[in-house]
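# What the coordinates show
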Amino acid sequence: MKTRSKSARSPGRPAANRKSDAREHLLNAATELFATQGVAATTFAMIAKRAGLTPAMLHYYFKDRDQLLDAVVGERLLRLVSHVWNPVEVGADAAESIRGIVERLLEGIEKMPWIPSTWMREVLNEDGLLRERMLRHLPYPKVQSLAESIASGQKRKSLNPELDPLLTVFSTLGLVMLHMASVKVWSQAFHREPLSRRSIQRHVTGLLLDGLRHVKAEKSAKSPKKKQ
């Protein structure tokens, strides 16, 4: 009777040198499907098929849907959050911070183009299946710090006093996500080529910063003084 070799692996268990690649393929497949059809409509069988692997392989890495969703949030979405928010410093110029956030967010989306659709569907949507997971990990101190910088600028009368500081931060994120999630739709509707990342960056930054400036103060500074 033949004895089983110590090096033999159990059915469904991947070889050691394929482990990281297989797991990455599965996560990539999952995020692509989540973006196109949503989390709820995506089955393990669909993910395995898209990755070119077996359902048994998927279950080896992710025991259930919760474990898979935790990995998508922790290893994909939070990677982008860290990239965008870690450079934001307390007390930094609000306009420059917003400029940097827009640039880094677009950089991250270029590498992970599935994010805007997934964010709109699964995080912003009240019924989104990634919403609660993301809310637990958002960089609240950084967000609050930027809002306080905007409020300080308003007190100095260098920024538009009509803006809500905290809402301005979320408007920054929302504009980028909305434009990137819908860029193909409006490009098809108006029969034009989709804008490049740099073009969208200039548009969003210009829109935000022109609205951020204290328009009345600028007009007053430019207008000639009346003769006494």
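Here is a short report on the structure shown in this document.

Each value, and the rule that gives it
All residue numbers refer to positions counted from 1 along the written sequence of the respective chain. Per-residue local features are limited, in this predicted model, to residues with pLDDT of at least 70; the limit for side-chain atom pairs, both in listing and counting, is 80 or more; totals at the level of whole chains, interfaces and linings are taken over all residues. The basis for every side-chain value is the complete set of non-hydrogen atoms in the structure, without hydrogens or water. Put simply, DSSP marks the helices as runs of H or I at least four residues long and the strands as runs of E at least two long, and each gets a number from the N terminus on. Each residue gets one of three labels from its accessible area relative to the maximum for its type: buried under 20%, exposed over 50%, partly exposed in between, using a 1.4 Å probe on protein chains only. Contacts between residues were defined by any pair of non-hydrogen atoms, one from each residue, lying within 4.5 Å. To measure how exposed things are, a 1.4 Å probe is used in the Shrake-Rupley method; for residues, cover is taken only from the protein chains shown. Under the convention used throughout, the expected extent of a helix is 1.5 Å for every residue step, that is, one less than its residue count. N or O atoms closer than or at 3.5 Å make up a polar contact, with two conditions inside protein: a donor-capable atom paired with an acceptor-capable one, and, for residues adjacent in sequence, both atoms drawn from side chains. Axis lines are fitted through C-alpha atoms, for helices just across the contact stretch, and the angle between N-to-C directions can take any value from 0 to 180 degrees. Here is the rule for angles: anything less than 35 degrees is roughly parallel, anything more than 145 is roughly antiparallel, 65 through 115 is roughly perpendicular, and the remaining ranges are oblique. By convention the crossing between two helices is left-handed if the near helix lies anticlockwise of the far one by an angle smaller than a right angle, and right-handed if it lies clockwise. Patches in this entry comprise residues that are over 30% relatively accessible and not in a salt bridge; like charges within 9 Å are linked, as are nonpolar side chains (Val, Leu, Ile, Met, Phe, Trp, Tyr) within 5 Å. What counts as a salt bridge is simple: a side-chain nitrogen of Lys or Arg found within 4 Å of a carboxyl oxygen of Asp or Glu.

### Focus on the overall build of the protein
When helices and strands are tallied, the protein shows 11 helices and zero strands. In sequence order, the secondary structure elements of the protein are arranged as α-α-α-α-α-α-α-α-α-α-α. Of all 228 residues assigned to the protein, the portion counted as buried reaches 39%. Intrachain contacts of the protein at a sequence separation of at least 6 include 69% that bridge at least 24 residues. Here the protein displays about 14200 Å² of accessible surface, and carbon together with sulfur accounts for 54% of that area.

### Side note on the environment of R197
Along the chain, R197 falls in helix α10 (residues 197-212). Residues R197 and E103, spaced 94 residues apart in sequence, show a C-alpha to C-alpha distance of 9.0 Å. Contact partners of R197, with chain neighbours within four places excluded, come to E103, L106, E107 and E110.

### Things to note about helix α8 (residues 140-155)
Taking 1.5 Å of rise per residue, the 16 residues of α8 would be expected to cover 22 Å, and the 23 Å separating its terminal C-alpha atoms lies within 8% of that figure. Where α8 is concerned, the buried positions are V143, S145, L146, A147, S149, I150, G153 and Q154. Looking at the buried residues of α8, the elements they touch are α4 (65-85), α5 (94-111), α9 (165-189) and α10.

### Some remarks on α5
What sets the pattern is the α-helix's 3.6 residues per turn: residues three or four places apart point alike. End to end, α5 covers 26 Å across 18 residues, agreeing with the expected 26 Å (1.5 Å per residue, within 8%). Looking at α5, one finds that the buried residues are A94, A95, S97, I98, G100, I101, V102, R104, L105, L106, G108 and I109. Close packing links the buried residues of α5 with α4, α6 (115-124), α8, α9 and α10. The backbone nitrogen of A95 lies 3.3 Å from a side-chain oxygen of the residue at the head of α5, namely D93.

### Here's the deal with the packing of α6 against α9
One way to put it is that α6 packs onto α9 with a least axis distance of 8 Å and a crossing angle of 115°. In terms of orientation, α6 lies roughly perpendicular with respect to α9. As for how α6 packs across α9, the hand of that crossing is left-handed. For the pair formed by α6 and α9, the contact residues are I115, P116, S117, W119 and M120 on the first element and M177, L178, M180 and A181 on the second.

### Some thoughts on the side chain of N160
The topology assignment puts N160 in the loop between α8 and α9. Taking relative accessible area as the criterion, N160 reaches 14% and is therefore assigned buried. At 2.9 Å, the side chain of N160 forms a polar contact with the backbone nitrogen of E162.

### Focus on a nonpolar patch on the surface
A grouping of L166, L167 and F170 is seen on the molecular surface, where their side chains present a nonpolar patch of about 280 Å² in accessible area. Looking at the secondary structure, you find L166 in helix α9.

### Observations regarding the side chain of T118
Here T118 lies in helix α6. Judged by its relative accessible area of 1%, T118 falls in the buried class. A polar atom in the side chain of T118 sits 3.0 Å from the backbone oxygen of W114. Those residues within four positions of T118 in sequence are excluded, and the remaining contacts are T31, F34, A35, V123 and L130.

### Things to note about the pattern of salt bridges
Under the defined criterion, the tally for this structure stands at eight salt bridges. Measuring nitrogen to oxygen at the nearest pair gives 2.7 Å for the salt bridge that ties E75 to R23. Of this pair, E75 sits in helix α4 while R23 sits in helix α1 (residues 19-37), placing them 52 residues apart in sequence. The closest approach of N and O atoms between D70 and R133, which form a salt bridge, is 2.7 Å. Of this pair, D70 sits in helix α4 while R133 is found in helix α7 (residues 131-135), placing the two residues 63 residues apart along the sequence. Since its relative accessible area comes to 40%, D70 is described here as partly exposed.

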